[in-house]
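Descriptive structure summary
Here is what each chain is made of, one letter per residue.
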There are 2 protein chains.
Amino acid sequence: METTKYLLAEDHLPKNWYNVAADLPVPLAPSLHPATGQPIGPADLAPLFPMSLIEQEVSTERYIPIPQEVLEVYQLWRPSPLIRARRLEKALGTPARIYYKYEGVSPVGSHKANTAVPQAFYNKAAGVKRLTTETGAGQWGSALSMSSAFFGLECKVFMVKVSYLQKPYRRGLMESFGGTVVASPSTETACGRAVLAEHPDSPGSLGIAISEAVEIAAQSADTKYALGSVLNHVLLHQTVIGLETLEQMQMANDYPDVVIACTGGGSNFAGLAFPFIGQKLRGEANVRVIAVEPSACPSLTKGPFAYDFGDTGHLTPLVKMNTLGSTFVPAGIHAGGLRYHGMAPMVSHLLNLKQMEAVAVNQLETFAAGITFTRAEGILPAPEANHAIAVAIREALRCKEEGVSQSILFNLSGHGNFDLQAYMDYQMGKLHDYEYPAEEIAMALAGLPSVKDF
Amino acid sequence: METTKYLLAEDHLPKNWYNVAADLPVPLAPSLHPATGQPIGPADLAPLFPMSLIEQEVSTERYIPIPQEVLEVYQLWRPSPLIRARRLEKALGTPARIYYKYEGVSPVGSHKANTAVPQAFYNKAAGVKRLTTETGAGQWGSALSMSSAFFGLECKVFMVKVSYLQKPYRRGLMESFGGTVVASPSTETACGRAVLAEHPDSPGSLGIAISEAVEIAAQSADTKYALGSVLNHVLLHQTVIGLETLEQMQMANDYPDVVIACTGGGSNFAGLAFPFIGQKLRGEANVRVIAVEPSACPSLTKGPFAYDFGDTGHLTPLVKMNTLGSTFVPAGIHAGGLRYHGMAPMVSHLLNLKQMEAVAVNQLETFAAGITFTRAEGILPAPEANHAIAVAIREALRCKEEGVSQSILFNLSGHGNFDLQAYMDYQMGKLHDYEYPAEEIAMALAGLPSVKDF
C-alpha cells in the first residue's frame, strides 16, 4: 500500500527553532520608535514583552533552543503529520505530487499554538500575571487562552468585531479555557473609543484590536502583550512546522518544487517556508516559495515596502514592511486571520530580496478550493488555509497542462470547524468577491509616516 | 523527557477487525422478524444492507480482514494517538496513570468514520447508489457524508430535530461533503408524519430517525440503509481503536486496570473495549471495563435485557438488548449521540455475562469533567466523551483516596468543536440535570413486544 501519512516519532520533535535572520544576506531594517523615529532598543519593548522574547526578536543565532517546558506541551500534538494528498491528486487528474503539512491537529485547531505556548511560558517565567492580545478569526485567541490556562496566566482577548459576530463559538472556546473575550473596537480603551466615535459601526480590524491590547498591557507592570504573528520571535516559534517537514519530506524521499502558504501577518507562512528559504539562502537547495494573500487585503502584492505602524492607534513601533496603510480596514472576508494591513517585516524583507513570490486570490476561488479539498481529503480547511489550497490547485493544474510531475507542498494551517457559517453562506451563494479597494488603500497609504529609511 | 504520546507508524494499522463473537462463552440471542417473531436469516436483511455486511453481522470468525480500499482511507488519520494525560493527572493530584485514545483526529472529529468508511465501501462494491441514515449529534451523519463523497454515493441523513436545532454547523459540515440533511421527525416518511401528528413539537430521537431512514431505504433497490452503532458489524469496524491501543499500551509498557468509554448505541465503547474483553474471555488478561451512560437515558443501568425494536416505528428486527422501550424519547441532553432507547445487543449480552460494568452519570458532572479536561489537556471533548472523562476522573480520585497507582484508559471518542453552544450554556448556568424519567420509561417498557425468548 502506498504511504499517505508521514508521522515522526515524539522524540523527533525539533529541539531548536530555526532563525532565518542568521542566513540573511542583508539584515532586516531596524524598528523605529513611534515618537522619535529612531531605532529602538530592547528597553523600549520591555513594557510589552519579557526580555527573553525581546532577545529572540533581535537574535541572529541560527538555532534557538526550545525550552523543556515548551516541548512537553508541544508533545500533546506535535510532530504534526505530513500527508500526501493522493485523493486530491486523483480528483484533479494531475501528475503532481501534492503534500500538506497539517497543523489542525493542535487542540485549538491551528498552528497558532506553536507560538502561544512559548509566549505563555516565557511570560510566566518572567513573573507576568496577565496577557492581553488581539484575535481575528479567533484562532490566535484560542491558542493563547489555552496556553495561558496551561501556565496559570489570565488572558484577555480583543476579538475583531466582525469575527466576534461571525464566530461566536470561537469565543465559547476561549471562555472554556478561562479566557476573557471583548469585541473590538471596544469602549474599554481610548483607542477603541476613538474608533467608535468616528465609526460606530466599525467591523474592527486586527490593527485596531492590537492597539487596544497594547494600550491595556502598557498600563500595568504585571500585564504583558502577546502578538500572534508579524514579529520575528513569533515567526521563529512557528519554524517547528518547516523543520519537521524537512525530515518528513526525506521520509517521503522527495523534496518540494513549490512551497505554498497563506499570509495574513505571515506566521504560518514563515513556519513552513523559512527552513526551506534558509536552505536556499545557504545554497543547499532550490525551491519556489509562494505566499498567498486575499485580494481584499493585498499587502504583499499591492502595498509598498515602507515604514508603517503595526497598529491603527499608532502605539507600536514603526516597522519596515509591505503595508496598505495602518488605517486601512479590510472588507469583512471570512478569512479573518488574513485581514491585516501589514505583513511580517521578515516576510516583506524576503520578498524584497526576491527569495519568494506572492499572489492574491479572491474569496470565491478559495472556498471552491476548500470544498474540492474537503470532498477529496475529508478535512474541512479554515478559510485562511483555503488560500494556500487554491494556489496549490492552480500549480497542480499547471503541472497537468505542462505534463510535468512536480512536488507541491502547502501548509494546511488549520481546520474550519469553527467556520461552518462561512461554508454554509458560500454554498447558498451568499459570499462574493471583492473589488480591489484602490481608493481606500490610496487614502490609507497617504497617511504613511515620513521617517528616515534605515 | 517523559513520553506523552504513543504514535504507531502507518504500517501498524490493524489489517483485521476483531470479532468478539468468536470468544463468547454463550452465543448472542438471534434477531427476530418484526412480523413473525421468528429468527431472521440473511435474506430478511438484504433490502437494507449489502450481503457483505450481513455476513459480518453473523460471523463468528475471530478476525475479519479490512479491505485494502478501506485501509487506504483509514490512513488519512489512523493509527490514532494514545495520549498519557500527564497534565490531567497533575491537576487531579492522582497517583493513577491516565491514558486516552483520541479518535477526534479523524477528519469529521470522531470515531464514527471507522465504520462509515467500510460501510460506504461495501455498499459501493454491491452497486448501491444511495445511502440513508439517521444521526443524533451529527457525528455519524458527518462521517457517512464524508465516506459517501469518497466512494461516490449519494447520502441522505435524518437528523434528530433537537440536534438539528442545537448544532446547525454539523448540518453545514454534512452539506460541505455533499450530503442532504433533513430534520427528523420529517414529513417525508409515514413514520415521521405519524409522530408529528401525535406530537407536532417532538424533539425527535434516534429511534424515530432510524425508522425514517429505514423506510426510505426499503422503498428502492439501489438505496440501502447505514446504521452508525448498535449492530455487530458496526461494532466490529470500531475495534481498530482497541487493537491499536493494545499495541500502544505495550509501547507504554503498561496495561489498563480500568477501561472506560461512553455508551449510546455502544460503538465507541465496543471499539475500545472489545479487544480487551476478548483477552479477558480468552483468559489472557484481567481488566475492569466500564460503560458510562447518561442518567437521562439509562438503558444499561435501568433497562431490562429483553427483546425490543431498534426503532420507534417498529420497522427493524427485534433484538435482545438492554432497553428503555422503543417509544421512550429521552430528554434533550447535549450528548445527542447517547439519546438512544436501546443498546447494542453485543454490549448488553456482555453486561449480562458480567464481563463489564455500567454506570450512569448526570449532565452537569460530565460538563464539569469536560472543562477540567480541556484546561489540562487542551482538547475540548464532545459532550458524549465527557461521560467517559467523568468516570475516569472518579476512578483517578478513587486511586488518590486509596493511594494506589492504577492505570486508567478511556476513549476520547470525539472533539467538541461543534458543541460550543452546549459549553457556553453550561458556563452561563443554563444546563441542568435530569430526574430519572421513571414514569416515561415505565410507560415505554409496558409496550415491550411479547415474543419467545430465544
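Look up a bit, the structure's there.
Anyway, here's the lowdown on the structure attached to this text. Sequence order sets the numbering: in each chain, residues are counted from 1 along the sequence as written. Chains and ligands are labelled by the order in which they are written, letters from A for the one and numbers from 1 for the other. Note on the predicted model: pLDDT of at least 70 is required for a residue's local features to be given, and 80 or more for side-chain atom pairs to be given and counted; whole-chain, interface and lining totals, by contrast, use all residues. Only hydrogens and water are set aside; all other atoms, that is, all heavy atoms of the structure, feed into the side-chain values.

1. Here we look at the environment of Leu8 of chain A
Helix numbers and strand numbers start at the N terminus; a helix is a DSSP run of H or I with at least 4 residues, a strand a run of E with at least 2. With respect to the helices and strands, Leu8 of chain A occurs in the loop between strand E1 (5-6) and strand E2 (16-18). Judged by its relative accessible area of 4%, Leu8 of chain A is buried. Placed 236 residues apart in sequence, Leu8 of chain A and Glu244 of chain A show a C-alpha to C-alpha distance of 7.9 Å. Any pair of residues with heavy atoms lying within 4.5 Å of one another is described as a contacting pair. Those residues in contact with Leu8 of chain A, other than ones at most four positions away along the chain, are Pro79, Glu244, Glu247, Gln248 and Met251 of chain A together with Leu7 of chain B. The cut-offs for exposure are 20% and 50% of the maximum accessible area for each residue type, with area from a 1.4 Å probe on protein chains only; residues under the lower value are buried, those over the upper are exposed, and the others partly exposed.

2. So, the sheet that holds strand E6 (residues 130-135) of chain B
Residue and element names in this part refer to chain B. Note on pairing: two strands pair once DSSP finds at least 2 bridges between them. Spatially, E8-E7-E6-E9 is the arrangement adopted by the 4 strands of the open sheet, whose pairing is parallel. Lying at the two open borders of the sheet, with one neighbouring strand each, are strand E8 (180-184) and strand E9 (223-225). The average angle at which neighbouring strand axes cross in this sheet is 25°, direction not considered. Bridging between E6 and E9 involves 3 bridges; their strand directions are parallel. Its bridge partner lying in E9, Leu131 is registered against Lys224. Where helices are involved, their axes are fitted lines through C-alpha atoms of the stretch in contact, as for all axes, and angles between N-to-C directions lie from 0 to 180°. The sheet strands contacting helix H10 (residues 206-218) are E6, strand E7 (154-160), E8 and E9, and the helix crosses E6 at an angle near 170°.

3. Observations concerning the pattern of salt bridges
All names here are of chain A. The working definition used for a salt bridge is a side-chain nitrogen of Lys or Arg within 4 Å of a carboxyl oxygen of Asp or Glu. In total, this model carries 38 salt bridges over all chains according to the counting rule given. Here Glu2 makes a salt bridge to Arg86, at a shortest N to O gap of 3.4 Å. Residue Glu2 is found in the segment before E1, and its partner Arg86 is found in helix H4 (residues 86-92); the two are separated by 84 residues along the sequence. Judged by relative accessible area, which is 55%, Glu2 ranks as exposed. Here Arg97 and Asp254 are joined by a salt bridge, their closest N and O atoms 2.6 Å apart. In this pair, Arg97 sits in strand E5 (residues 97-102) while Asp254 sits in the loop between helix H12 (240-251) and strand E10 (258-262), placing the two residues 157 residues apart along the sequence. By relative accessible area, Arg97 is classed as partly exposed at 22%. On the basis of relative accessible area, Asp254 is assigned to the buried category, the value being 14%.

4. A word on the pairing of strand E12 (residues 305-309) of chain A
All names here are of chain A. The element E12 is extensively covered by neighbouring structure, given that 4 of its 5 residues are classed as buried. Where E12 and strand E13 (residues 318-322) come together, 5 bridges link them in antiparallel fashion. Bridge pairing links Asp308 to Val319 in E13.

5. As for the side chain of Ser348 of chain A
Residues and elements named next belong to chain A. Take Ser348: it is sitting in helix H15 (residues 345-352). Judged by its relative accessible area of 0%, Ser348 falls in the buried class. Setting aside residues no more than four positions away along its own chain, Ser348 makes contact with Phe305, Met321, Asn322 and Met343.

6. Some remarks on the packing of aromatic side chains
By convention, a stacked pair of Phe, Tyr or Trp rings (six-membered ring in the case of Trp) has centres within 6.5 Å and planes under 30 degrees apart, an edge-to-face pair has planes over 60 apart, and any other such pair is tilted. Scanning the entire structure with this criterion turns up 25 aromatic pairs over all chains. Consider the rings of Phe49 of chain A and Tyr225 of chain A, whose centres lie 5.9 Å apart with planes at 55°: the pair is tilted. Here Tyr225 of chain A lies in strand E9 (residues 223-225) and Phe49 of chain A lies in the loop between helix H1 (42-45) and helix H2 (51-58), a separation of 176 residues in the sequence. What makes Tyr225 of chain A buried here is its relative accessible area of 3%. Note on Phe367 of chain B and Tyr423 of chain B: the rings are 5.2 Å apart at their centroids and 75° apart in plane angle, and the pair reads as edge-to-face. Placement of Phe367 of chain B in helix H16 (residues 363-377) and of Tyr423 of chain B in helix H18 (residues 420-427) is noted, with a sequence separation of 56 residues between them.

7. What to know about the interface of chain B and chain A
Across the boundary between the two partners, chain B contributes 48 residues, which contact 48 residues of chain A. Buried area is understood as the total, over both parts, of accessible area removed when two parts are fitted together, assessed with a 1.4 Å probe. Of the roughly 4200 Å² buried between chain B and chain A on both sides combined, carbon and sulfur atoms contribute 59%. Counting across the interface, chain B meets chain A through 0 salt bridges. Definition of a polar contact: a pair of N or O atoms within 3.5 Å, with one able to donate and the other able to accept a hydrogen when the atoms are protein atoms, and with sequence-neighbouring residues admitted only if both atoms are side-chain atoms. Between the two partners, chain B and chain A, sit 22 residue pairs in polar contact (both at pLDDT 80 or more). Elements with a minimum of two residues in the side of chain B that touches chain A: helix H3 (68-74), helix H6 (139-151), helix H8 (168-176), H16 and H18 of chain B. Element by element, the count of residues in the side of chain B that touches chain A is highest for H8 of chain B, at 7 residues. Throughout this entry, Asp, Glu, Lys and Arg are counted as charged residues, while Ala, Val, Leu, Ile, Met, Phe, Trp, Tyr, Cys and Pro are counted as nonpolar. The remaining residues, Gly among them, count as polar. For the side of chain B that touches chain A, the class distribution of residues is 25 nonpolar, 13 polar and 10 charged.

8. As for the nonpolar core
In a soluble, globular protein the nonpolar side chains are often hidden away together inside. To define a nonpolar core, start from buried Ala, Val, Leu, Ile, Met, Phe, Trp, Tyr and Cys residues and group those joined through side-chain atoms within 4.5 Å. Of all hydrophobic cores here, the largest spans 154 residues; its most connected members are Tyr74, Ile260 and Phe410 of chain A together with Tyr74, Ile260 and Phe410 of chain B. What Ile260 of chain A contacts, discounting residues up to four positions off in sequence, is Leu272, Ile290, Val292, Ala388, Val391, Ala392, Glu395, Ile408, Leu409, Phe410 and Asn411 of chain A.

9. Points about the relation of the copies chain B and chain A
Note on the copies: chain B fits chain A at an RMSD of 0.0 Å, the axial shift is 0.0 Å, and the rotation between them is 180°. Overall, the copies show the geometry of a two-fold rotation axis. The overlap is high: 100% of the interface residues of chain B also sit at the interface in chain A, so the same surface is used on both sides. Superposing copies: least-squares fit, C-alpha atoms only, residues required to have pLDDT of at least 70 in both.

10. Considering the packing of H6 of chain B against H8 of chain B
Residue and element names in this part refer to chain B. It is the contact of H6 with H8, at a shortest axis distance of 8 Å, that shows an interaxial angle of 10°. As judged from the angle between their axes, H6 and H8 are roughly parallel. Counted together, Gln139, Gly141, Ser142 and Ser145 of H6 and Arg170, Leu173 and Met174 of H8 form the full contact between these two elements. Partitioned by chemical class, the residues of the contact of H6 with H8 number 2 nonpolar, 4 polar and 1 charged. For classification purposes, an angle smaller than 35 degrees is called roughly parallel, one larger than 145 roughly antiparallel, one from 65 to 115 roughly perpendicular, and anything else oblique.

11. Here we look at the packing of helix H5 (residues 113-125) of chain B against H6 of chain B
Residue and element names in this part refer to chain B. Two elements in contact, H5 and H6, have axes whose closest approach is 8 Å; the angle formed by their N-to-C orientations is 40°. For the element pair H5 / H6, the angle class is oblique. The way H5 lies across H6 gives a crossing that is right-handed. Here Ala113, Thr115, Ala116, Val117, Gln119, Ala120, Phe121 and Lys124 of H5 come into contact with H6, specifically with Trp140, Ala143, Leu144, Met146, Ser147, Ser148 and Phe151. Its residues assigned to classes, the contact of H5 with H6 shows 10 nonpolar, 4 polar and 1 charged. Note on convention: the crossing is left-handed when the near helix lies turned anticlockwise from the far helix by less than a right angle, right-handed when the turn is clockwise.

12. Description of helix H12 (residues 240-251) of chain B
Residues and elements named next belong to chain B. Look at H12: 17 Å from first C-alpha to last across 12 residues, which is about the 16 Å you get at 1.5 Å a residue. For H12, a buried count of 9 out of 12 residues is recorded, marking the element as mostly surrounded by other parts of the structure. Residues of H12 that are buried include every one of Val240, Ile241, Gly242, Leu243, Glu244, Thr245, Leu246, Gln248 and Met249, and no others. Take the residue count of a helix, subtract one, and multiply by 1.5 Å to get its expected span.

13. Details of the sheet that holds strand E4 (residues 82-84) of chain B
All names here are of chain B. Overall, mixed pairing links the 7 strands, which are arranged E1-E4-E5-E15-E10-E11-E14 in an open sheet. Single-partner strands in this sheet number two, and they are strand E1 (5-6) and strand E14 (357-361). Against the sheet, helix H13 (residues 267-281) contacts strand E10 (258-262), strand E11 (288-294) and strand E15 (407-412), and its axis sits at roughly 155° relative to E10. Across the sheet, helix H17 (residues 383-402) lies against strand E5 (97-102), E10, E11, E14 and E15, angled at about 150° from E10, the strand it touches most.

By themselves, these observations are geometric and do not establish any function.
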